[in-house]
Amino acid sequence: MTNSANQSTVVAGIDGSDTALGAARWAAEFATNHALPLMLLHAAPKLDWHFASADPAAELDRSADRDTVLAAAETAVRSKYPDLAIRTAAVKSAVATALADASQSARLVVIGTGAADHRALGGHAVRVAHRTTCPVVVWRRPVAKRTGKPLPVVVGVDESDASNRALAEAFDIAGALHAPVTVVHMWEIGAAVGMGDLGGEGSMDWQLLDVLQSRQRQRLDELVAPFARKYPNAHATKIFKDISPAKGLTDLSREAQLVIVGSHGRGKLADSILGSVSQNLIHHAECPVLVVR
């Protein structure tokens, strides 16, 4: 996890969309659970401000629009969290730049997908996730419906340092939400034992496969154990599957309230693979996604 002692604000990006309001409400719940203030941040590119400044009437209209957007978000949040410390800010900057700057002193940055259909997601969410220095939540409404018990918090892990931070976030957030944690390790076993290019032909090294599976299960147990001790009331389920991480986590997101994943993995190859996993989830997960650095 990041050094949260020095990061004392939850930042929500506001653009007037419904998903931004959803992100602001999610951020407000997180801020309340962690006794942190909330900043509602609206960013507009400097180019827009430059052209608007040439027309005083247009600039007044834009300023009123920004104020209206921020006021609507603040009202929506205060209706449920009346005692939460909230401040608003409008800055002359590109969205990704503004949120990256704000992340320097933030515990968490939360943004909405910005589109009714998240599969048509533009570049903002990915750019923000790449550029911020703190964890980022890309919010969309979960497709799963809570029927009584809280939906699980799903966390994907491997053996990287980012996985430890992802686990820390998962147990921390799940504890605040009184939700179970599903810890998932997914890897494509065929490729790991040299079967990836055989097209289903050739002989499987079953002994090697058993050894690899045993080691991975043991490693998963070792990763989870410290957090199970720290959070003795947590209900954790471990899943070990032979499936691509992107597909497996996307499938699990349909029954989750949050999916957490590290932004990168271990080594150059793992960096590429897990980087693609986090980007895939930002685009295709069926619930909010938290990307941890």
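Residues numbered from 1 in each chain as written. Predicted model: local features only at pLDDT ≥ 70, side-chain atom pairs only at ≥ 80, totals over all residues. Heavy atoms only, no water.

A. Inspection of a positive patch on the surface at higher detail. Residues Arg25, Lys80, Arg141 and Lys145 make up a contiguous surface patch of positive charge. Since its relative accessible area comes to 61%, Lys145 is described here as exposed. (Patch = residues over 30% accessible without salt bridge, like charges linked within 9 Å, V, L, I, M, F, W, Y side chains within 5 Å. Areas by Shrake-Rupley, 256 points an atom, 1.4 Å probe, with all protein chains shown as cover. Salt bridge = Lys/Arg side-chain N within 4 Å of Asp/Glu carboxyl O. Lys, Arg positive; Asp, Glu negative; His and termini not counted. Charge placed at Lys NZ, Arg CZ, Asp CG, Glu CD. Buried < 20%, exposed > 50% of the residue type's maximum accessible area, 1.4 Å probe, protein only.)

B. Molecular detail of the packing of helix H4 (residues 95-103) against helix H5 (residues 124-131). Between H4 and H5, whose axes approach to 9 Å, the crossing angle comes to 30°. Taken together, H4 and H5 sit at an angle that is classed as roughly parallel. With respect to the hand of their crossing, H4 and H5 are arranged in right-handed fashion. Note on element contacts: H5 touches H4 through His124, Arg127, Val128 and Arg131, opposite Val95, Ala96, Thr97, Leu99 and Ala100. A breakdown of the residues in the contact of H4 with H5 according to their chemical character gives 5 nonpolar, 2 polar and 2 charged. (Axes fitted to C-alpha atoms, helices over the stretch in contact; angles between N-to-C directions. Helix = DSSP H or I, 4+ residues; strand = E, 2+ residues; numbered from the N terminus. Parallel < 35°, antiparallel > 145°, perpendicular 65-115°, else oblique. Left-handed = near helix turned anticlockwise from the far one by under 90°. Contact = heavy atoms within 4.5 Å. Nonpolar A, V, L, I, M, F, W, Y, C, P; charged D, E, K, R; others polar.)

C. Representation of the confidence of the model for the protein chain. Across the protein chain, pLDDT averages 82, with 78% of residues at or above 70. Here residues 196-200 is a poorly scored stretch, pLDDT under 50, and it has 2 contacts once near neighbours within four places are set aside; other chains count. Taken as a whole, residues 266-274 scores under 50 in pLDDT and shows 13 contacts with residues more than four places along the chain or in a different chain. (pLDDT = per-residue confidence, 0-100.)

D. Local environment of the nonpolar core. The biggest cluster of nonpolar side chains holds 46 residues, and the ones touching the most others in it are Leu38, Leu40, Val155, Val183 and Ile260. Per element, the largest residue contribution to this core is 8 residues, and it comes from helix H6 (residues 161-177). If we skip the residues at most four places from it in the chain, Val183 touches Val155, Val157, Leu167, Phe171, Leu220, Val224, Thr237, Lys238 and Ile239. Within the second largest apolar cluster, 35 residues are counted, among which are Leu99, Val277, Ile282 and Val289. (Core = buried A, V, L, I, M, F, W, Y, C linked by side-chain atoms within 4.5 Å.)

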